[in-house]
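# Commentary on secondary and tertiary structure
One letter stands for each residue in the lines below.
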Amino acid sequence: MALKNAFLAGANSLNAKKEYINELNVFPVPDGDTGTNMTMTIMSAAREVAAISEPTIDNVAKAMASGSLRGARGNSGVILSQLIRGFTKEIRENAEAGVIDDVILARAFNRAIETAYKAVMKPKEGTILTVAKGMADRITELSVLDEDTLTMLEKVIAYGDDVLAKTPDMLPVLKEAGVVDSGGQGLMTVVKGALASLKGEDVSIDIDDVEMSPAAAPQAERKSRGDISTADIKFGYCTEFMVNGDHEFSDEEVDELRSWLNGVGDSIVCFSDENIIKVHVHTNHPGNAFEKGLSMGYLSKMKVDNMRLEHNEVLIKDASKIAESEKSKSSAAPQEEPKKDLGPARDFGFISVSAGEGLTEIFKGVGVDYVIEGGQTMNPSTEDILNACAEVNAKTIFVLPNNKNIILAANQAKDIIEDKTIIVVPTKTIPQGITAMISFSPDMTAEENLEAMKDASECVNSAEVTYAVRNTTIDGHAIQENDIMVIGDDGLLSVQKDIEYAVNEAVAKMINNESEIVTIYYGKDVKKEDAEKLSGDIRKKYPSVETELQYGGQPIYYYFISVE
C-alpha cells in the first residue's frame, strides 16, 4: 500500500505543477509541453495503479511500468517511462521479501538510470538524466550506512535539488534563459510528492482524468471520412483488451496468440509486458477473441467498436453537409468519382504526425495513409502510434514524427510492435516530413528508402513562426512577452514585434545561392490575404527562387517555412 500511495502522490504532485514546469521550457513558446507530456505519461500509469484493490509490490510495480510505457509522450515522457521501467524491474525481482530496503532502493535507482540512458541516442548533461543520475549516485553512497530510510531519501532528494540547480551551468541555453531543466524539475516534483506520502503528510492520492489530447481522440473521429465503403471493411469489429496472467508470458505464448489472431482478423497489435498482453484486432467475432484471451488469464480494458456502423454514421453526416453545399450548385453539375478501393495489404504504408486540416490534406496528397493529430501542440503517446499502425494495412510502415519531441515515442512503438516492420524516419519538422514523403520510391527497398528519405529531409531548412509567452533571453536575443519569434533548425532566426518583419529577416538568413524553393504554410490564425501578401513580397525579393504558399491550418504557429 505504501508504494501505491507514494506513486499516486508523486503523480498528483506533478499534475498540480505541470503548468509551472511547462513555463521552464527554454523557448517561451505557447506550446511548451514538458510538464504536460510528463503528466500525461505518469497519469496513464497512475490510473492503472489506482485501480488495484489489493496492492502488492509486484502488481503495483507492474502497473507503474506498463501504464507509463504505453502512455509515454514526448522526450521527457519517454525518459520518465524508462526511469519507471528500470526502477520497477529491480523492485519486482526482489518483491518476495515484501519490503523494499535501502540496498534494493539503491539498486532500483541505478537500474532506472541504466534503462533510461539506453533509450536516449545522445544523452546530454544538464537534463532530467543528469538529475536522476545524481540521485542514483547519492543513494548508492548512503544505502550502505545504518540510517533511517526516510532520512536517507530526504538527503537523496536534497542532492537532486542541488544537481537541478546546477543544470544551467551544464547547458548554456538554460543559463541564458534563466531557468533550470524542465524535465529535471518534473522528476524532482514526482519524487518529492512520493516522499511526502511516505512521511505520512497530507497529500492527495485521488486520480482525476487529465484532458485527452487530440492524438488520443477516438479512432472513429480521426479516420479519413468516406475513404472506404462498408463493403471494404472485411472485419467489422475493432476489438481491444488486455490479458492479465498469473505469470510472465513467454515469447512462445504471445506468438501463439498472435498466430491465432491472424486466423480470425487483421490490424493486429499483440505484445506483452511481463504478465500482461495487450491485444488489438479487427475481427467479425469479438466474443471468440475474448474467449481466447480468457483461456490465458482474466481480461481487462475490453472495448469493441462496430466499424461499419460508425462508418455509416460518418457517411450520413458527410452526406448532409454535401447536400447543403450542393444546394447552391447546378443540379447538372458533374458528380465526383467515388474514391478507389484501398485494396489488399501492401508492402509499404505511411503514418505522419501533424496538426491542421491543410497539412493533413497535404500529407494525404503525397501518399500518407494515416495522420495522427498532434505534433507541436500535443505530442502523441506511444500507444497512439501503436493504434495508428494497426489502422494501416501494410507489411512495412514508415512513421514520420515531424517533431524532435516525438521521435523517442515512435521508436518505443517500433520496439513494441511485432507483426509489422516499423521504420521511423527521424523527421523533426513538418517541412522535413513532407520532403521525406516526396522522396519515397516504390522501386527501392525499405532500407534504401529510409536513407533517401533521411538524406532529403536533412537538406530542408525549416522555421516556425510563433509568439513569446514570457520575457527571456535566448541566443543573445532579448525577448519580450508577445514578441514574434522565428525558430529555425539550430535556434532563433528572428525576434520582432511584427510578423512580416520577423519572417523576412528569417528568410534572408535561410536562403543561400543554392536555394531553389521557399514554401510557406500559413496557420489557422492567419488571414489568406495576409499570407498572400507575405509570400508575394518574398517572391519579389528573391525572383530566382520559386515561392509557394500552402494552407496548413496549424494552431499556435502562424507560419511553417521551408527552404530547399
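Everything below is about the structure shown above.
Let me begin by describing the structure that accompanies this report. (Residues numbered from 1 in each chain as written. Predicted model: local features only at pLDDT ≥ 70, side-chain atom pairs only at ≥ 80, totals over all residues. Heavy atoms only, no water.)

## A closer look at the sheet that holds strand β6 (residues 370-373)
Either a parallel or an antiparallel arrangement is found when strands of a sheet pair, and the pairing is made through backbone hydrogen bonds. The strand order across the open sheet built from four strands is β6-β5-β7-β8, with neighbouring strands paired in parallel fashion. One side of each edge strand has no neighbouring strand; the edge strands of this open sheet are β6 and β8 (421-424). The sheet shows a mean angle of 25° between the axes of neighbouring strands, direction not considered. With four bridges joining them, strand β7 (residues 394-400) and β8 adopt parallel strand pairing. Residue pairing across strands places Thr-396 opposite Thr-421, the latter belonging to β8. (Pairing = 2+ DSSP bridges. Helix = DSSP H or I, 4+ residues; strand = E, 2+ residues; numbered from the N terminus. Axes fitted to C-alpha atoms, helices over the stretch in contact; angles between N-to-C directions.)

## Thoughts on a positive patch on the surface
A contiguous patch of positive charge on the surface is contributed by Lys-122, Lys-124, Lys-404 and Lys-428. Summarising the element assignment, Lys-124 is placed in the loop between α6 (102-119) and α7 (128-142). (Patch = residues over 30% accessible without salt bridge, like charges linked within 9 Å, V, L, I, M, F, W, Y side chains within 5 Å. Areas by Shrake-Rupley, 256 points an atom, 1.4 Å probe, with all protein chains shown as cover. Salt bridge = Lys/Arg side-chain N within 4 Å of Asp/Glu carboxyl O. Lys, Arg positive; Asp, Glu negative; His and termini not counted. Charge placed at Lys NZ, Arg CZ, Asp CG, Glu CD.)

## Remarks on the sheet that holds strand β9 (residues 461-467)
In spatial order, the strands read β13-β12-β9-β16-β14-β15; together these six strands make up an open sheet with mixed pairing. Each having just a single partner strand, β13 (491-496) and β15 (546-551) make up the two edges of the open sheet. Taking the axes of each pair of neighbouring strands and ignoring which way they run, one obtains an average angle of 20° across the sheet. In this structure, strand β14 (residues 517-522) lies alongside β15, joined through six bridges in parallel fashion. Bridge pairing in β15 places Ile-520 opposite Leu-549. Of the strands in this sheet, β9, β14 and β16 (559-563) touch helix α18 (residues 430-438), which is tilted by about 50° from β16. (Contact = heavy atoms within 4.5 Å.)

## Looking at helix α4 (residues 57-71)
In an α-helix there are 3.6 residues to a turn, and that puts residues three or four apart on one side. Between its first and last C-alpha atoms α4 spans 21 Å; for 15 residues at 1.5 Å apiece the expected length is 21 Å, and the two agree. Most of α4 sits inside the fold, with 14 of its 15 residues counted as buried. (Expected span 1.5 Å × (residues − 1). Buried < 20%, exposed > 50% of the residue type's maximum accessible area, 1.4 Å probe, protein only.)

## Re the packing of helix α15 (residues 357-365) against α18
The contact between α15 and α18 brings their axes to 10 Å, and the two run at 20°. Taken together, the axis directions place α15 and α18 in an arrangement best described as roughly parallel. As α15 packs across α18, the resulting crossing turns out to be left-handed. Between α15 and α18, the contacting residues are Leu-359, Ile-362 and Phe-363 on the first element and Ile-430, Gly-433 and Ile-434 on the second. Residues belonging to the contact of α15 with α18 are distributed by class as follows: five nonpolar, one polar and no charged. (Parallel < 35°, antiparallel > 145°, perpendicular 65-115°, else oblique. Left-handed = near helix turned anticlockwise from the far one by under 90°. Nonpolar A, V, L, I, M, F, W, Y, C, P; charged D, E, K, R; others polar.)

## What to know about the packing of aromatic side chains
In the structure shown here, the tally under the stated rule is ten aromatic pairs. A ring pair is formed by Phe-241 and Phe-290, whose centres lie 5.3 Å apart and whose planes are at 70°; its orientation type is edge-to-face. Here Phe-290 lies in helix α13 (residues 286-294) and Phe-241 lies in strand β1 (residues 237-244), a separation of 49 residues in the sequence. Neither residue differs from the other here; Phe-241 and Phe-290 are each classed as buried. Centroid distance Phe-348 to Phe-398: 5.9 Å. Interplanar angle 50°. Geometry classified as tilted. Of this pair, Phe-348 sits in strand β5 (residues 346-354) while Phe-398 is found in strand β7, placing the two residues 50 residues apart along the sequence. Among the aromatic residues, ring-to-ring pairing joins Phe-348, Phe-350, Phe-398 and Phe-440 into one connected group. (Phe/Tyr/Trp six-rings, centres within 6.5 Å; stacked < 30°, edge-to-face > 60°.)

## So, unusual backbone geometry
With a phi close to 60°, Asn-402 is a non-glycine residue in the positive phi region. One can find Asn-402 in the loop between β7 and α17 (407-416). The backbone phi angle of Ile-556 is positive, close to 70°, even though this residue is not glycine. Along the chain, the position of Ile-556 falls in the loop between β15 and β16.

Everything listed is a geometric property; what it means functionally is a separate question.
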